[in-house]
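Close look at the chain arrangement
If you want the building blocks of each chain, they are given just below.
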Amino acid sequence: MPKQTILGVNIDHVATIRQARGTVYPSLLEAVDAVEKTAAQAITIHLREDRRHIQDKDVPEVIARTNKRVNLELAATDEMVQLTCNNKPHDCCIVPEKREELTTEGGLDVIGQYDRIAKATDTLSAANIRVSLFIEPDLEHILKAYDMGAPVIELHTGAYAHHPDDSEAANQEFEKLELATEFANSLGLQVNAGHGLHYTNTQRVAQIDDIVELNIGHAIVARALFVGLEQAVNEMLTIIGNS
C-alpha cells in the first residue's frame, strides 16, 4: 500500500488578512469549515506573542468548530503554556519566536534552552496534550528532544525549501532530512516536518518513509486565493499522496 502522509493545514494567514484591516472577515471559522470537507487530518494555528494573526479567542473557537485534530503552535513561555493547557488542543508544537521575524526562522535551541523547553514539555504533557518540538534536522538536537520526553518532533524544512528544487544545495539539505528522520525514528519518535513547503517541493519530503505528518500553511492559503481553500487543500493532498 502506498505511503500516506498526514496533512496538517495551517490557517494562520487567513487570520493575517483579517488582522491587516482589523475586520471580522475573512472568517477563520469558514476556513475551518472548508478544511473540514477535505481529507486533511489536522488544523494548525500559531498563537504568536505579538498576536499578529491568530487571536486568543480564535483558539477555543477553532477547537470547538472542527472534528479534526487541532495543533497549537506556541512559544515556551509561561503565558503560552498556560493558555494551551486551558484550551487543551490534542497537539501542540513548541516553536522558537522572535518578535521581529516575518515567520519562524529556524528550530528550537533545545541545547542552550534545555531547562526552559523541558519544563514547558513536562507541563503540557501533564495536561494530556501531545507535545512536538520544532527542531533542526540535526542529530544532537534530536537526541536532546528525545531526552526531554516529547513524543513528537517536527523537522524544520526551511533550509531545504529555501533552495531551488533539485539544486545541489536542496539535495544536500534533503539528505539531512532523511538522515534525521531515520535517526529520530530509531529512537521511537514520531517525525513530522514543515516550513516553507509548497506545491513543487513537498512531494519529495512526503515520500521520506518515516515522516508521518506535514504542516503546511502559507502556500495553501496563497493558492486558495485563486481556487478556493477546499480545492487548494485537496491539491496538496494529491501531491503528498493522501487524497
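The structure we're discussing is the one just above.
Presented here is an overview of the structure given in this document. Just so you know, these numbers come straight off a predicted model, no measurement behind them.

1. What to know about the overall build of the protein
On a plain count of helices and strands, the protein comes out with 11 helices and eight strands. Against the compact-globule benchmark of 18 Å for 243 residues, the protein has a radius of gyration of 17 Å, which places it among compact chains. Once the C-alpha set of the protein is aligned to its principal axes, its extents read approximately 45 × 40 × 35 Å. Expressed as a percentage of its 243 residues, the buried residues of the protein come to 52%. Roughly 11,200 Å² of accessible area belongs to the protein as shown, and the carbon and sulfur atoms make up 49% of that amount. Across the protein, the mean location of the 21 positive side-chain charges is 6 Å away from that of the 37 negative side-chain charges.

2. Observations regarding unusual backbone geometry
Of note, the amide linkage connecting Y25 to P26 takes the cis form, showing an omega dihedral of -5°. Here P26 lies in the loop between α1 (12-21) and α2 (28-36). The residue R51 is not glycine, and still its phi comes out positive at about 55°. Tracing the backbone through its elements, the reader meets R51 in the loop between β2 (42-46) and α3 (58-65). Residue R51 is classed as buried on the basis of its relative accessible area, which comes to 16%. Phi is positive for H195, which is not a glycine, with a value near 115°. Structurally, the position occupied by H195 is in the loop between β7 (190-194) and α9 (202-206). A residue is classified by how much of its surface remains accessible, and H195, at 21% relative accessible area, is partly exposed.

3. Regarding a nonpolar patch on the surface
Together, I17, L225 and F226 make up a nonpolar patch on the protein surface, roughly 380 Å² of accessible area in all. As for its placement among the helices and strands, F226 is situated in helix α10 (residues 218-227).

Reading guide: rules and limits
- Residues numbered from 1 in each chain as written.
- Predicted model: local features only at pLDDT ≥ 70, side-chain atom pairs only at ≥ 80, totals over all residues.
- Heavy atoms only, no water.
- Helix = DSSP H or I, 4+ residues; strand = E, 2+ residues; numbered from the N terminus.
- Rg over C-alpha atoms; globule rule 2.2 N^0.38 Å.
- Buried < 20%, exposed > 50% of the residue type's maximum accessible area, 1.4 Å probe, protein only.
- Areas by Shrake-Rupley, 256 points an atom, 1.4 Å probe, with all protein chains shown as cover.
- Lys, Arg positive; Asp, Glu negative; His and termini not counted.
- Charge placed at Lys NZ, Arg CZ, Asp CG, Glu CD.
- Patch = residues over 30% accessible without salt bridge, like charges linked within 9 Å, V, L, I, M, F, W, Y side chains within 5 Å.
- Salt bridge = Lys/Arg side-chain N within 4 Å of Asp/Glu carboxyl O.

Read these as spatial facts, not as claims about activity.
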